[in-house]
Amino acid sequence: MDSLQFGVAVRDITPSYPVFLHGYANRNQRSNGVSEPISLSCLALDDGEQQILLVTCDMVGIESQPCAELYELLKEKTGIAYPHILFSCSHTHFAPALHHDGFPFPDLGLVAPDPRFVEDFKTHLVEAAQESIKNKRPGTLEIARLRAPQVLFNRRTVAADG
């Protein structure tokens, strides 16, 4: 079995300036303070033949066009390209977006992404990706299975008693 290497890096992506937050149709003002910071994390995996980047973001999500741009940026800056990059978002409604908000505000119309946040996000993304690659160390990936009745189960499973 080939040796696996893992590297990780985390960045705070909380904007230091007021921005529109994503996901509420009637929110018509910019943020006015920070209760909980938002972050971006990057995990680099390397088996000696292939490298993969797993990126998690505290955001509602990233639509396909900005995602494609981020893939190209990471390819240019790290050499790792799609489909070896995965973005996963926590779906928080307390973060800005990288794409136009699909919810119309009555007095403002559609909210465009804040250009400062988009550039800050890209900078943090590249830094975290490069740092996670630099931080790679040998590791072991293990799995375990155990029964945990009533914790997680397929609700459509039909039991023997009907």
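To keep things clear, this report deals only with the structure shown in the data block. (Residues numbered from 1 in each chain as written. Predicted model: local features only at pLDDT ≥ 70, side-chain atom pairs only at ≥ 80, totals over all residues. Heavy atoms only, no water.)

What follows concerns unusual backbone geometry. In this model, Tyr82 is joined to Pro83 through a cis peptide bond whose omega is 15°. Within the secondary structure, Pro83 is located in the loop between α1 (64–78) and β4 (85–89). The phi dihedral of His91 falls on the positive side, at around 65°, and the residue is not glycine. When you line up the elements, His91 lands in the loop between β4 and α2 (115–134). Take His91: its relative accessible area is 46%, and that puts it in the partly exposed class. (Helix = DSSP H or I, 4+ residues; strand = E, 2+ residues; numbered from the N terminus. Buried < 20%, exposed > 50% of the residue type's maximum accessible area, 1.4 Å probe, protein only.)

Read from one edge of the open sheet, five strands run β4-β3-β2-β1-β5, paired in mixed fashion. Two strands close off the open sheet at either side, each with one partner strand: β4 and β5 (137–139). Taking each pair of neighbouring strands and ignoring which way they run, the sheet shows an average axis angle of 25°. Summarising the sheet, strand β1 (residues 4–12) and strand β2 (residues 39–46) pair through eight bridges and their orientation is antiparallel. Bridge assignment links Val8 to a residue of β2, and that residue is Leu43. The sheet strands contacting α1 are β3 (51–57) and β4, and the helix crosses β4 at an angle near 130°. (Pairing = 2+ DSSP bridges. Axes fitted to C-alpha atoms, helices over the stretch in contact; angles between N-to-C directions. Contact = heavy atoms within 4.5 Å.)

Turning next to the nonpolar core. One finds Leu53, Ile62, Phe87 and Phe121 to be the most contacted residues of the largest nonpolar core, which totals 30 residues. Breaking this core down by element, the ones donating at least two residues are β2, β3, α1, β4 and α2. The element contributing the most residues to this core is α2, with seven residues. The contact partners of Leu53, leaving out residues within four places of it in the chain, are Cys42, Leu43, Ala44, Leu74, Thr78, Ile80, His84, Ile85, Leu86, Ala129, Ser132 and Ile133. (Core = buried A, V, L, I, M, F, W, Y, C linked by side-chain atoms within 4.5 Å.)

For α2, with 20 residues, the first-to-last C-alpha span of 29 Å sits near the 28 Å given by 1.5 Å per residue. Residues of α2 that are buried in the fold lie against β1, β2, β3, α1 and β4. Where α2 starts, the residue carrying a side-chain oxygen 2.8 Å from the main-chain nitrogen of Arg116 turns out to be Asp114. (Expected span 1.5 Å × (residues − 1). Polar contact = N/O pair within 3.5 Å; in protein donor to acceptor, adjacent residues only side chain to side chain.)

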